[in-house]
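Residues per chain, in single letters:
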Amino acid sequence: MTEPPGRRERKKAATRQKIADTALRLFLERGYDAVGIRNVAAEADVAVTTLFSHFASKEALVFEQDADFEQRLTQVVTGRAPHEPLIPALRREVQALVRHCTAEEAAPIWRMIDGSPALRKYEESMRLRHAESLAAAIAADPGLPQTATAGRAIARFVIDAYSLAREETEPEAAVDEIFRMIEAAWEAARLS
């Protein structure tokens, strides 16, 4: 059984969330480029060093759920039931993530990201890192006999499925369409 977080961990998590919420509010109110790290720290009533102890960069403030997103994807591989097929499990998780990111309240955030070259570049590097983590989880699963190359390719397809579907007018239908292709690619890799 997992121990509940202690007081110190709860305080750190609350400070991190306060910084992220403050940054997002300021970015949406004033524009991403118009807000500096010092502005965020002052508004959140923390030192700049405290901000940087929680977030490695200004861009990371926008993608504050990055680690959670990555962990959720790898957990699909490592936490699924024995003999549960991988691709349907990944499809369910990507559908949930797409629903979250295409909710009405997320639209202003994505407009901000799409309008900022720095944020688009950060998102791209984040997606590549997520794909590598997912590929490592796939490669480490002894029940998945695919080659490392096949695992890496499928991981990239899965991450791109999320990104592509988020941009579609019917995101959930797009996830289904993309995952039919991913399933076919996974099956072809298994048979070769």
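Draft legend 1. Inspection of the overall build of the chain at higher detail. Tallying secondary structure elements over the chain gives 10 helices and zero strands in all. Taken from N to C terminus, the helices and strands of the chain fall in the order α-α-α-α-α-α-α-α-α-α. Counting only C-alpha atoms, the chain reaches 60 × 40 × 25 Å along its principal axes. Evaluated residue by residue, the chain yields a buried proportion of 41% over its 192 residues. Long-range contacts, defined here as pairs at least 24 residues apart, represent 68% of the contacts in the chain between residues at least 6 apart. About 11200 Å² of surface is accessible on the chain, with carbon and sulfur atoms providing 54% of the total.

Draft legend 2. Quick peek at the nonpolar core. By size, the foremost hydrophobic cluster in this structure holds 56 residues, and its most contacted members are Phe27, Val40 and Phe179. The leading source of residues in this core is helix H6 (residues 86-101), at eight residues. Other than its neighbours up to four places away in sequence, Phe179 contacts Ile87, Leu90, Arg91, Val94, Val158 and Ala161.

Draft legend 3. Examining H6 more closely. Compared with an ideal rise of 1.5 Å per residue, which puts 16 residues at 22 Å, H6 spans 23 Å between its outermost C-alpha atoms and is within 8% of the ideal. Listing the buried residues of H6 in full gives Leu86, Ile87, Ala89, Leu90, Glu93, Val94, Gln95, Leu97, Val98 and Cys101. Residues of H6 that are buried in the fold lie against helix H5 (66-79), helix H7 (107-114), helix H8 (117-140), helix H9 (148-166) and helix H10 (171-191).

Draft legend 4. Seen up close, the packing of H8 against H9. As a packed pair, H8 and H9 sit with axes 8 Å apart at the nearest point and diverge in direction by 140°. Classed by the angle they form, the pair H8 and H9 counts as oblique. Regarding H8 and H9, the two cross each other, and that crossing is right-handed. Contact with H8, carried on its side by Glu123, Arg127, Leu128, His130, Ala131, Glu132, Leu134, Ala135 and Ile138, involves Gly151, Arg152, Ala155, Arg156, Val158, Ile159, Asp160, Ser163 and Arg166 of H9 and no other residues of that element. Looking at side-chain class alone, the contact of H8 with H9 contains eight nonpolar, three polar and seven charged residues.

Draft legend 5. Representation of the packing of aromatic side chains within the structure. As enumerated under the stated definition, the model contains three aromatic pairs in all. Both rings, one in Phe63 and one in Tyr122, keep their centres 5.4 Å apart while their planes meet at 25°; by these two values the pair is stacked. Taken as a pair, Phe63 in the loop between helix H4 (58-62) and H5 and Tyr122 in helix H8 lie far apart in primary sequence, 59 residues in all. Note on Phe63: relative accessible area 8%, which makes it buried.

Draft legend 6. Main features of the pattern of salt bridges. With the rule as written, the count across this model stands at 16 salt bridges. In this structure, the salt-bridge partner of Asp66 is Arg129, at a minimum N-O distance of 2.6 Å. Of this pair, Asp66 sits in helix H5 while Arg129 sits in helix H8, and the two are 63 residues apart along the sequence. Exposure remark for Asp66: the relative accessible area of 12% places this residue in the buried category. Residue class for Arg129 comes out partly exposed when judged on its relative accessible area of 35%. Taking the shortest distance from any N to any O, the salt bridge between Asp176 and Arg91 comes out at 3.5 Å. Taken together, the residues span a long stretch of sequence, with Asp176 in helix H10 and Arg91 in helix H6 at a distance of 85 residues. Connected via shared salt-bridge partners are Asp114, Glu123, Glu124, Arg127, Arg166 and Glu167.

Criteria and cut-off values
- Residues numbered from 1 in each chain as written.
- Predicted model: local features only at pLDDT ≥ 70, side-chain atom pairs only at ≥ 80, totals over all residues.
- Heavy atoms only, no water.
- Helix = DSSP H or I, 4+ residues; strand = E, 2+ residues; numbered from the N terminus.
- Buried < 20%, exposed > 50% of the residue type's maximum accessible area, 1.4 Å probe, protein only.
- Contact = heavy atoms within 4.5 Å.
- Areas by Shrake-Rupley, 256 points an atom, 1.4 Å probe, with all protein chains shown as cover.
- Core = buried A, V, L, I, M, F, W, Y, C linked by side-chain atoms within 4.5 Å.
- Expected span 1.5 Å × (residues − 1).
- Axes fitted to C-alpha atoms, helices over the stretch in contact; angles between N-to-C directions.
- Parallel < 35°, antiparallel > 145°, perpendicular 65-115°, else oblique.
- Left-handed = near helix turned anticlockwise from the far one by under 90°.
- Nonpolar A, V, L, I, M, F, W, Y, C, P; charged D, E, K, R; others polar.
- Phe/Tyr/Trp six-rings, centres within 6.5 Å; stacked < 30°, edge-to-face > 60°.
- Salt bridge = Lys/Arg side-chain N within 4 Å of Asp/Glu carboxyl O.

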